[in-house]
Amino acid sequence: MSSVLSGRRILLTRPEGQVEPLAARLCGQGAKVGHFPAIKIELTPPNLEDLKLIEQATYVVFASINAVRGLMEALSKYPDICLAAEIAAIGPATAEALRQAGHEHVIVARPPYNSEALLSTPHLRDLEHRKVMIVRGQSGREKLAEELRNRGAEVHYLEVYRRDPPGRTLSFKEILDGLPDAICVTSVEIAENLQKCIAPEEKDDLLNCVLIAGNGRIAAACCNLGYTALHGIADNPGDDAMLKALNTRFSSESSIS
């Protein structure tokens, strides 16, 4: 079966270890896939005192797959600390990572899998005198914590990883042997780092390249950063939504031509 992605050069930009499933699906549709990890994830083990706060929480909210990985690695060193709270995840990939770690019952945000969607779940409506732990990377959006506090919760952060710049130069010629037909961008920080890492002679190519953004918030930030060819906005940054947005983008192009 022919695909609108056949022969297309697609650049993926997620961290190492987080692109393989999407890359395999793209290759299955005939695309040529390149990978430039625009963020480097470094786990930052929390201190024991902060880690013990987990046992006091009514809800533990995981912001990402990396949050799951970071906390589970930290807990593996302290088997006496029990994660007995109700567990929530921003998106389905994070929920799946929790299930693989042995936590079957996970509250999952509805599409578009963001803080606002998680806040709409019935479990988080009445939080008076409840303690909520948000497991995340260093820094991040404050929307979730602010609203949880407005609902009466005592909120704590447990930061278990940091996001570093990739520390290398992005060159389309080296990665894809030419300009990409589309770049997938699943966070604002990725969009920022791409501009910092691009080879100077290819900066205009980057800013004018077709961009597939992981949601509307990311798309708006990309516009503010000077990207000029925002031709696709996914419903969310998950693999299914990004693949659908790519197919929609190039199906539209094929119909025009």
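Residues numbered from 1 in each chain as written. Predicted model: local features only at pLDDT ≥ 70, side-chain atom pairs only at ≥ 80, totals over all residues. Heavy atoms only, no water.

Caption draft 1: Main features of the overall build of the protein chain. Assigned secondary structure in the protein chain consists of 11 helices and 11 strands. With the C-alpha coordinates of the protein chain rotated into their principal frame, the extents come out at 60 × 35 × 35 Å. Of all 257 residues assigned to the protein chain, the portion counted as buried reaches 48%. Taking as baseline every contact in the protein chain between residues at least 6 positions apart, the subset at least 24 positions apart corresponds to 65%. (Helix = DSSP H or I, 4+ residues; strand = E, 2+ residues; numbered from the N terminus. Buried < 20%, exposed > 50% of the residue type's maximum accessible area, 1.4 Å probe, protein only. Contact = heavy atoms within 4.5 Å.)

Caption draft 2: Summary view of the pairing of strand 11 (residues 230-233). Bridge count for strand 10 (residues 211-213) against strand 11 is three bridges, and the pairing is parallel. By the bridge assignment, leucine 211 is partnered in strand 11 with leucine 230. Following the backbone out of strand 10, through helix 10 (residues 216-224) and into the adjacent parallel strand 11, one traces a crossover that is right-handed. (Pairing = 2+ DSSP bridges. Right-handed = clockwise from strand over helix to strand, strands pointing away.)

Caption draft 3: Here's a closer look at helix 3 (residues 65-75). With eight of its 11 residues buried, helix 3 lies for the most part within the structure. Inspection of helix 3 places Asn66, Ala67, Val68, Gly70, Leu71, Met72, Ala74 and Leu75 among the buried residues, and these make up the whole buried set. Check the buried side of helix 3 and you find it contacts strand 3 (40-43), helix 2 (48-52), strand 4 (59-62), helix 4 (92-100), strand 7 (131-137) and strand 8 (154-164).

Caption draft 4: The environment of glutamate 142, seen in detail. Tracing the backbone through its elements, the reader meets glutamate 142 in the loop between strand 7 and helix 6 (143-150). For glutamate 142, a relative accessible area of 32% puts it in the partly exposed group. For the pair formed by glutamate 142 and alanine 67, sequence separation is 75 residues and the distance between their alpha carbons is 16 Å. Once you skip the residues sitting within four places of it in the chain, glutamate 142 turns out to touch Arg136 and Tyr157.

Caption draft 5: Fine view of the packing of aromatic side chains. Per the counting criterion, the structure on display carries zero aromatic pairs. The residue whose ring lies beneath arginine 136 is tyrosine 157, and the NZ or CZ to ring-centre distance is 3.6 Å. (Phe/Tyr/Trp six-rings, centres within 6.5 Å; stacked < 30°, edge-to-face > 60°. Lys NZ or Arg CZ within 6 Å of the ring centre and 35° of its normal.)

Caption draft 6: Geometry of the nonpolar core. Among the nonpolar cores identified, the biggest contains 51 residues, and Val60, Phe62, Val135, Ile183, Val185 and Leu194 are the most heavily contacted of them. Per element, the largest residue contribution to this core is six residues, and it comes from helix 3. The contacts of phenylalanine 62, once residues within four sequence positions are left out, are Ala67, Val68, Leu71, Met72, Leu83, Ile87, Ala88, Ala89, Ile90, Thr94, Leu98 and Val135. Counting residues in hydrophobic clusters, the runner-up holds 19 residues, among them Ile10, Leu12, Ala182 and Leu243. (Core = buried A, V, L, I, M, F, W, Y, C linked by side-chain atoms within 4.5 Å.)

Caption draft 7: Geometry of the sheet that holds strand 10. Within the open sheet, the five strands sit side by side as 2-1-9-10-11. Their pairing is parallel. Each edge of the sheet is formed by a strand with only one pairing partner; in this case those strands are strand 2 (32-35) and strand 11. Shown here is a sheet whose adjacent strand axes are inclined to one another by a mean of 25°, direction ignored. Relative to strand 10, strand 9 (residues 182-185) runs parallel, the two being bridged by three bridges. Looking across to strand 10, one finds that valine 185 is bridged to alanine 213. (Axes fitted to C-alpha atoms, helices over the stretch in contact; angles between N-to-C directions.)

Caption draft 8: Fine view of helix 10. All of the buried residues along helix 10 are Ile218, Ala219, Ala221 and Cys222. Down the axis of helix 10, the buried set is contained in an arc of 165°. They therefore lie on one face. Those residues of helix 10 that are buried lie in contact with strand 9, helix 8 (188-197), strand 10 and strand 11. Glycine 226 lies just past helix 10 and shows a positive phi near 105°. (Arc of directions from axis to C-beta.)

Caption draft 9: The arrangement of the packing of helix 3 against helix 4 in detail. Put simply, helix 3 and helix 4 touch, their axes get as near as 8 Å, and they point 25° apart. When the axis of helix 3 is compared with that of helix 4, the two are roughly parallel. Helix 3 and helix 4 meet at a crossing whose hand is right-handed. Facing helix 3, whose interface residues are Ile65, Val68 and Met72, helix 4 presents Ala93, Thr94, Ala97 and Leu98. (Parallel < 35°, antiparallel > 145°, perpendicular 65-115°, else oblique. Left-handed = near helix turned anticlockwise from the far one by under 90°.)

Caption draft 10: Looking closely at unusual backbone geometry. Cis rather than trans, the peptide bond between proline 111 and proline 112 has omega equal to 10°. The topology assignment puts proline 112 in the loop between strand 6 (106-108) and helix 5 (115-119). Non-glycine residue histidine 129 carries a positive phi angle of around 65°.

Caption draft 11: Representation of the sheet that holds strand 5 (residues 86-89) in the model. Taken in spatial order, the six strands of this open sheet run 3-8-7-4-5-6, and their pairing is mixed. Since the sheet does not close on itself, it has two edges, and those belong to strand 3 and strand 6, each with one partner. Along the sheet, successive strands turn relative to each other by an average axial angle of 25°, direction set aside. By the bridge criterion, four bridges tie strand 4 to strand 7 in an arrangement that is parallel.

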